[in-house]
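Summary of structural features
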Amino acid sequence: MNEILRIVGLAFAHKRLCAAAYLAAAGAATAYLFLPKFIGGAVDDITEIAETGEVPQGTILVAVLAILGLSVVRGFLSFAQTFASESLSQRVAYRVRNQFYDHVQRMSFGFHDKQHTGNLMSRAISDVESVRMFVNMGIIRTPYFIALFIAVSVLLLQLDWRLGLISMSFLPPAAFQSSLLRLKMRSIWLRAHEKMGELSTALQENLTGVRVVRAFASEEYEQEKFERKNIEVATDTIEAERLHSLNASFTLFTFVVALGLVLWLGGREVINGQMSLGELTQFILFMQILAMPVRMTSMLVHAYARAASAGQRLFEILDFESPVQESPGAEEITRSGGRVRFNNVSFSYDDRHPVLKGIDFEVQPGKVVALLGAPGSGKSTVVDLIPRFYDVRSGRITIDGMDVRDVTLESLRRNIGIVQQDNFLFTTSIRDNIAYGRPHATMDEIVEAAKVAQLHDFISALPDGYDTEIGERGSTLSGGQRQRMAIARAVLLDPPILILDDSTSSVDAGTEELIRQAMESVMKGRTTFVIAHRLGTIQKADTIMVLKDGEIVQRGTHSELLQSRGPYREIYELQLRPQEEIMREVDMPMAIGGEALP
Amino acid sequence: MMGGMFAGAPKGTAGDEETFGKVYDKRVVTKVLPYILVHRNLAILAFVAMLVFSATQVAFPWMIKVGIDRFITGGDFAGLTWVFGIFIGLAALNFGSNYIQQLAMAKVGQGVLFGLRRDMFAHLQKLSLSFYDKTEVGRIMSRVQGDVGQLQEFMSLVVVTLGDLLSLAGIVAALLLLNLKLGLISMTVLPVFAIVLMVWQPFAIRAYVRVRTSASIVNGALNENISGVRVVQSMNRQEKNLRDFDAKTQDVQKSNLYASRLSAGLLPPVDILMAVAIGLSLFFGSGMVADGALELGAMIAFVLYIQRFFDPIRNLTMQYSQLQRSMASGIRIFELLDKEPDLVDSPDATPLPRLRGEVELRNVSFGYSPDEDVTRNVSLKIEAGQTVAIVGPTGAGKTTLVSLLARFYDVKRDRGAILVDGRDIRDVTRGSLASQMSMVLQEPFLFSGTVRENIKYNHTDVSDLQMTEAAMAVGAHEFISRLEDGYDTYLEERGGNLSVGQRQLLSFARAIVADPRILVLDEATANIDSYTEMLVQKALRRLLQGRTAIVIAHRLSTILGAHKIVVLAKGEIIEVGTHSQLMNLDGLYSHLYHMNFDAMEKSADQSGKMAENGQAIAQTNDTNEKASVTGHGTVEVDLSPGAQNDSSDGHSEPAVNDKPASANGTHAKQPETKPARVKSS
């Protein structure tokens, strides 16, 4: 109910369109309602003809012209009504779609960690469509139909109150039945929607993970998984359709019964001379007018049920407050000096399992910090907190002494360049991908950034150069190329603070070296956080911090850390003895350092 | 790898496939038919019920006519009561048939959609990866979801439309039966209406095509923004994206408004023509009544019929766009279903028996697009149980090579062959090959579901013990146990609640559970930190035992243990040999190696102080003294210290024909046999 009210609110925001639609509907209805009177009049005229044998061409012609005139008016007003209500529904859909888009793109990472893309998509597509349908059907047509019902009832009651009551007698049972089913259908629709969402998730994963599916030859397994969801969707939809059919058939049935009653009892009145045949015709014609709305009621109920569940799903997202909010008096920072301080920062994704505990450090402007640690030790989390992709649970992070929560998100992130672990490229040209964070960058700047990322030669060799379009998720670039794209993207931003999350891990040694050289020059004058698995990159850092289970267990420069026996040295040693020992243990012929040979 | 990918039309535009506007397409209808025929009995039931329903619908005005002409004008109330009785009986029949037709039709419809979805999914499993390289996931999604959804609308529409057509036929019959002359006169409006429709149709077709195009662009943009939200936020693109998106949604709105103006535009002609028909029948009817040629009740029935006559037509025009949309969807669905899988098992393909694991590539050339080869004339032989490392710069064709081995793509018959245990992989069933191969990819992909489901992926019969062992073997058990629900922890989409490294460990466990004969690691350890990598290496040692393995890695440390190292550049094998052999060759491999080393050296110089032994070598701790004295010691984390060695245990290398090259830590010593240096053409 709440959802419906909100949708109504959204529609009423467009006052003029609503008014236009209602006025046109009222006009069309009025014109429509005059029709039976003239047709009935003509029938009475013809009855006279039947009795007298004379043809009063004049009166018939007048009736015919009146019918024609009314129909012209009605036709154009119907057009206006349909168009106005369509415009209204499109406008509501447009707003909701944009709101949804904007809301989702501003949600913190915590939200996106939990939401399936497929699920969000189905909300944005089919649920918005359901809401749109409802605006059209529910908000414009329903009052129109109700008004039509009331007008027809009044006219019928005026004509003959007893027969009028009888002709309206189908309403209560039909309404009762509909409202009963409405509740049931709503929950079924909600369930069907969820199932549909699961189905699309299964499909999407199958498609995005196609290489895994193929590599495991798990097509049948996948098919079974899909089939289960598929059956559930079909079963629920059939049940919803069944209720819908029941409702539609029953409503029509009550209407036909009422029509029969009118013919029967009205016929008796005509026989008794209490009513003319023309008046009975009017009755029947009026009821005919009601036939369309009656047919539509079940559709309205359907639209209502769908809109209620769709609205619920949509508003659930739209009402979800991003945990990362800009504070009311947030300040704009122009260009940060780059002094980053973590003050006893703790963090948890779910409030139960602490991911970071008491992280405390300060980085002076222009310095390079390397983060090291096992998977899940919290390295990525540390850097995700700086641009406020998540907010700290306790403690605070400051940039140039200002709490990041007191700064506008836009200006905060403008000052931070990030190369993420999972590089996402957009389906657009290479040029636009590099310029993603600075759409107005000049071509020279873009080329410069590409050169820094060692990507320029590759791009220039492409037939379309910088205008080459990139496929979904950049799948047409190799991992190394994608990473360099991401680096170029960050370089172009010229940020005082730079975050490199694993950025060179999947580049071959040659490329990596090139990138490293490039990055070194890029890092100059910027505060840089590097998460890398190679000591080669890390060694150059001014400070190395080793994380374990969300805590900093060691920090210092490379040489300092090497001198103390600690986790860093352990890692260091492990790195330096790669295959050697491991392989020696195995009875394998590979491997191994010089003295391994006898 | 780039040749194929940039060929073809730019992606991200929707223009190429939105050019349909037909309301009726024979191909679609004939293709949907088999899906309906599966539910033949239900469909027949639905049709019969529909006939009954339409008949009752047409019968009601007729009963009114009978009531008026026979009984009301004659003053026979008892007779009228009979009519009423029949009326009620018809109403009951109307109710029953209506319910049955709708329900049966819903069942048929859902059955058809179910079948279509199932077949599309199954078909998608058969299409080769070249299809996926060229087609965006979003677009396939919109076919299976959106287009099938359109067909769902279509199905419910079919009921209404078919019912409408039947009543239309019934009404025409009734009109002509009531009075042939008047019937024909009142139907003179039909040709006029036909002309209106003919003028209207081309506009409508174009309008709805535009609607669909703009909608699919919006959906694409939305999908991308959600998937790339992390980049969007870090690049601060929200404002600009919203503006761009706004332009797209405005276009949707505009095209929809134009289309709805068109569809609403039919309302005035329909209303006016109906009035004309009623006027005509009243005008001429009155004369006939005067002549006694027409009864009064029949006259009234005429008006009632004409009013109903336009209802179906009105509905049909309102449904027009939906019909068109459904046909376009149908075309797209069958276009996908008709897409010949370009990688099919040959008819006489036989399943592979359990493999020893011997792999041979014979002069393999392959390109994603015909004009550019990604691999050229690659020949390589891998003995069963051997580990081969493939190295080379980005874009050299490493991933392509292993994709060919996994038969993600097929090598053309005249462009070389890949053999496993001496059998051409194109002559065996792909399933039997793939089930004996595991691949661990650079970007670990997990499915939403529990950790357990992910490790036991496709091997649900594996015991929990085996699963735990696999997890322990790759060092994943520890972190899994710490998860909230352990192995039953639900993983978000693509394992989003795990770090990339953790995801990779799970994918290793998954590969172990699959127990493959041939294992392919495509930069699988790139995202794992060194400590974990060491654990994984240990696990790999066990994993690789008795299996053939092909390892692609950038980290030379991962590579050093291989029996054979293959250096790939620009799609060709340029060097093959063991580490020491290749080092002595002073080719690309040693170049790559030194690049790492030199960089390391430089950085070590800068930091100044690490080498206890005075060498500018960064590692000097006691446990590693060997490395520091080896001379070419490598210290870069990427490189393993010490010289490498090779087949000292007697594994001989037919392809390379090398003897143990005991470099033994120095560059100086030449291998006794020259490693192969493949001539590049």
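Residues numbered from 1 in each chain as written. Chains lettered and ligands numbered in written order. Predicted model: local features only at pLDDT ≥ 70, side-chain atom pairs only at ≥ 80, totals over all residues.

Secondary structure assignment for chain B yields 23 helices and 13 strands. Looking at chain B residue by residue over its 681 residues, the buried ones come to 56%. The long-range fraction of contacts in chain B, counting pairs at least 24 apart against all pairs at least 6 apart in sequence, stands at 76%. (Helix = DSSP H or I, 4+ residues; strand = E, 2+ residues; numbered from the N terminus. Buried ≥ 20, exposed ≤ 12 C-beta atoms within 10 Å, placed from the backbone. Contact = placed C-beta atoms within 7 Å.)

Here we come to the overall build of chain A. A tally of helices and strands in chain A yields 21 helices and ten strands. A buried classification covers 58% of the 598 residues belonging to chain A. In chain A, of all internal contacts separated by at least 6 residues, the share reaching a separation of at least 24 is 78%.

Residue and element names in this part refer to chain A. Strand order in this open sheet of six strands is β6-β7-β8-β3-β9-β10, and the pairing throughout is mixed. Two strands in the sheet have a free side with no partner beyond their single neighbour: β6 (416–419) and β10 (551–556). For this sheet, the mean inter-axis angle between neighbouring strands, taken without regard to orientation, is 15 degrees. As paired elements, β6 and strand β7 (residues 497–501) share four bridges and run parallel to each other. Across the sheet, I418 pairs through a bridge with I499, a residue of β7. (Pairing = 2+ DSSP bridges. Axes fitted to C-alpha atoms, helices over the stretch in contact; angles between N-to-C directions.)

To continue, consider the domain arrangement of chain B. Interfaces are often described in size by the accessible area the parts lose on coming together. Residues and elements named next belong to chain B. One can read the domain layout of chain B as domain 1 (25–338), domain 2 (359–436 + 516–585 + 643–677) and domain 3 (444–515). Tallying the contact residues gives four residues for domain 1 and four residues for domain 2. Residues of the side of domain 1 that touches domain 2, tallied by class, amount to one nonpolar, two polar and one charged. (Domains from an automatic or database assignment. Nonpolar A, V, L, I, M, F, W, Y, C, P; charged D, E, K, R; others polar.)

If you check helix α11 (residues 267–291) of chain B, its first and last C-alpha atoms are 36 Å apart, about what 25 residues at 1.5 Å a residue would give, namely 36 Å. One or two residues past the end of α11(B) sits G292(B), with phi positive at roughly 80 degrees. (Expected span 1.5 Å × (residues − 1).)

How two helices pack is summed up by the angle between their axes together with the distance between the axes. Residues and elements named next belong to chain A. Orientation of helix α3 (residues 57–106) relative to helix α5 (residues 117–159), taken along the N-to-C sense of each, is 150 degrees, at an axis distance of 9 Å. As summarised for this structure, α3 and α5 are arranged roughly antiparallel, according to the angle between their axes. For the crossing formed where α3 meets α5, the hand is right-handed. Along its contact with α3, which presents S85, E86, L88, S89, V92, A93, V96, R97, F100 and V104, the element α5 presents L120, A124, V128, V131, R132, V135, N136 and I140. For the contact of α3 with α5, a count of residues per class yields twelve nonpolar, three polar and three charged. (Parallel < 35°, antiparallel > 145°, perpendicular 65-115°, else oblique. Left-handed = near helix turned anticlockwise from the far one by under 90°.)

Bringing the pairing of strand β12 (residues 572–577) of chain B into the picture now. Residues and elements named next belong to chain B. Summarising burial for β12: six of the six residues are buried, a large majority. Relative to β12, strand β11 (residues 564–569) is paired through five bridges, and the arrangement is antiparallel. If you follow I565 over to β12, its bridge partner there is G577. If you look at the hairpin formed by β11 and β12, you'll find two residues sitting between the two strands, and K570 has a positive phi there, around 50 degrees.

What follows covers the nonpolar core. Grouped together as the largest cluster of nonpolar side chains are 369 residues, with contacts concentrated most on V131(A), A488(A), F302(B) and A509(B). The biggest single contributor to this core is helix α4 (residues 77–126) of chain B, with 19 residues. With residues up to four places along the chain from it excluded, the contact list for F302(B) reads L175(B), L178(B), L182(B), S186(B), S281(B) and G285(B). (Core = buried A, V, L, I, M, F, W, Y, C linked by C-beta atoms within 7 Å.)

Turning our attention to the environment of G138(A). Residues and elements named next belong to chain A. Locating G138 in the fold gives a position in helix α5. Owing to 23 C-beta atoms within 10 Å, G138 belongs among the buried residues under this scheme. Once residues lying within four places of it in the same chain are set aside, the contact partners of G138 are L300, A303, Y304 and A307.

With that settled, the discussion passes to unusual backbone geometry. All names here are of chain A. Phi is positive for D494, close to 50 degrees, though the residue is something other than glycine. Mapped onto the elements of the fold, D494 is located in the loop between α16 (479–493) and β7. One non-glycine residue, D549, adopts positive backbone phi at about 45 degrees. Along the chain, D549 turns up in the loop between β9 (543–548) and β10. Looking at D549, the number of C-beta atoms within 10 Å reads 15, which means it is partly exposed.

Residue and element names in this part refer to chain B. Among the five residues of strand β3 (residues 387–391), five are classified as buried, and the element is accordingly described as predominantly covered. Burial along β3 is two-sided: the face carrying T387, A389 and V391 and the face carrying V388 and I390 are both buried. As paired strands, β3 and strand β10 (residues 548–552) are joined by four bridges and run parallel to one another. Residue A389 lies in a different strand from β10, and its bridge partner there is V551. Bridging between β3 and β11 involves four bridges; their strand directions are parallel. Bridge pairing in β11 places V391 opposite V567.

All names here are of chain B. The strand order β2-β1-β4-β5 describes an open sheet built from four strands, whose pairing is antiparallel. Where the open sheet ends on each side, the last strands, each with one partner, are β2 (375–382) and β5 (423–424). The sheet contact formed by strand β1 (residues 359–366) and β2 spans five bridges and is antiparallel. Looking at β2, one finds that F366 is bridged to T375.

Let us look at the environment of L540(B). Residues and elements named next belong to chain B. Looking at the element boundaries, L540 is found in helix α19 (residues 530–544). Classification of L540 as buried rests on a count of 30 C-beta atoms within 10 Å. In this structure, the C-alpha to C-alpha distance between L540 and A104, residues 436 residues apart in sequence, is 57 Å.

With that out of the way, let us pick up the domain arrangement of chain A. Split into domains, chain A comes out as domain 1 (2–318) and domain 2 (565–598). Domain 1 of chain A and domain 2 of chain A are separated by 74 Å when their C-alpha centres are compared.

All names here are of chain B. With 15 residues, helix α18 (residues 500–514) extends 21 Å between its outermost C-alpha atoms, agreeing within 8% with the 21 Å of an ideal straight helix rising 1.5 Å per residue. With respect to burial, α18 is a largely interior element, 15 of its 15 residues being buried. One or two residues past the end of α18 sits D515, with phi positive at roughly 50 degrees.

So, about the packing of helix α2 (residues 15–52) of chain A against helix α10 (residues 277–318) of chain A. All names here are of chain A. One way to put it is that α2 packs onto α10 with a least axis distance of 8 Å and a crossing angle of 150 degrees. Here α2 lies roughly antiparallel to α10, going by the angle between them. Crossing handedness for the pair α2 and α10: right-handed. Where α2 approaches α10, its residues Y32, P36, K37, I39, G40, G41, V43, D44 and T47 are matched on the opposing element by L277, G278, E279, T281, Q282, L285, F286 and I289. Its residues placed into classes, the contact of α2 with α10 shows eight nonpolar, six polar and three charged.

Residue and element names in this part refer to chain B. Within chain B, residue pLDDT values average 76, and 78% of them lie at 70 or more. A low-confidence stretch, residues 1–19 stays under pLDDT 50, and its non-local contacts, those more than four residues away or across chains, total 49 contacts. Note that pLDDT drops below 50 for residues 598–674; the model gives that stretch 199 contacts with residues more than four away or on any other chain. (pLDDT = per-residue confidence, 0-100.)

As a further point, take the environment of I418(A). Its place among the elements puts I418(A) in strand β6. Assessed through the 28 C-beta atoms surrounding it within 10 Å, I418(A) is described here as buried. Not counting chain neighbours up to four residues away, the residues in contact with I418(A) comprise P387(A), A490(A), I499(A) and S234(B).

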